[in-house]
Amino acid sequence: VQLQASGGGLVQAGDSLRLSCAASGGTFGTFAMGWFRQASGKEREFVAAISRRGKRTDYVDSVKGRFTISRDNAENTVFLQMRRLKPEDTAVYYCAGHSTIDGVIFDQQARYSYWGQGTLVTVSS
């Protein structure tokens, strides 16, 4: 399974950005998906997760109300819509996937088997 993250860029504080993660080589509809981020000099952290059919989601507190994770199983893609971006959102964003039963989501990196290469989001103040 290969995951390809895209959509990062340089934006100003308050702007919006949508990240995409396209999957290939596996049965995307069986994967719980997640987004993580790693800021310079910091450890990678959980951002958001979504269950196989998208009915269950979870977010880190710092992005609740601003970020929305969604997925299109027909297009083998998971999205992260980011709104009201802040400079502290600056990081490399990674998507991750793991095959599991429906309704399950993971906020721990160790639970994910597959990772994308990361896409850089830079938010200027």
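That block above? That's the structure.
Residues numbered from 1 in each chain as written. Predicted model: local features only at pLDDT ≥ 70, side-chain atom pairs only at ≥ 80, totals over all residues. Heavy atoms only, no water.

(A) Fine view of the pattern of salt bridges. Under the counting rule described, the total for this entry stands at 5 salt bridges. Across the pair Asp89 and Arg37 runs a salt bridge, and its minimum N-O distance is 2.9 Å. Of the two residues, Asp89 sits in the loop between β8 (77–82) and β9 (91–99) while Arg37 sits in strand β4 (residues 31–38), which places them 52 residues apart along the sequence. The same class applies to Asp89 and to Arg37, which are both buried. Between Arg66 and Asp89 there is a salt bridge, with its nearest N and O atoms 2.7 Å apart. With Arg66 in the loop between β6 (57–59) and β7 (67–72) and Asp89 in the loop between β8 and β9, this residue pair connects regions lying 23 residues apart in the sequence. For the pair formed by Arg66 and Asp89, the shared burial category is buried. (Salt bridge = Lys/Arg side-chain N within 4 Å of Asp/Glu carboxyl O. Helix = DSSP H or I, 4+ residues; strand = E, 2+ residues; numbered from the N terminus. Buried < 20%, exposed > 50% of the residue type's maximum accessible area, 1.4 Å probe, protein only.)

(B) Region of the structure containing the pairing of strand β3 (residues 17–24). Relative to β3, strand β1 (residues 2–6) runs antiparallel, the two being bridged by 5 bridges. In the sheet register, Gln4 faces β3, and the bridge partner there is Ala22. Pairing between β3 and β8: 6 bridges, direction antiparallel. If you follow Cys21 over to β8, its bridge partner there is Val78. (Pairing = 2+ DSSP bridges.)

(C) Quick peek at the pairing of β8. Buried residues dominate β8, accounting for 5 of its 6 residues. Two strands pair when backbone bridges link them, and β7 and β8 are joined in this way by 6 bridges, in the antiparallel orientation. Residue pairing across strands places Ile69 opposite Leu80, the latter belonging to β8. From the end of β7 to the start of β8, which pair antiparallel, there are 4 residues, and Asn76 there has a positive phi angle of about 55°.

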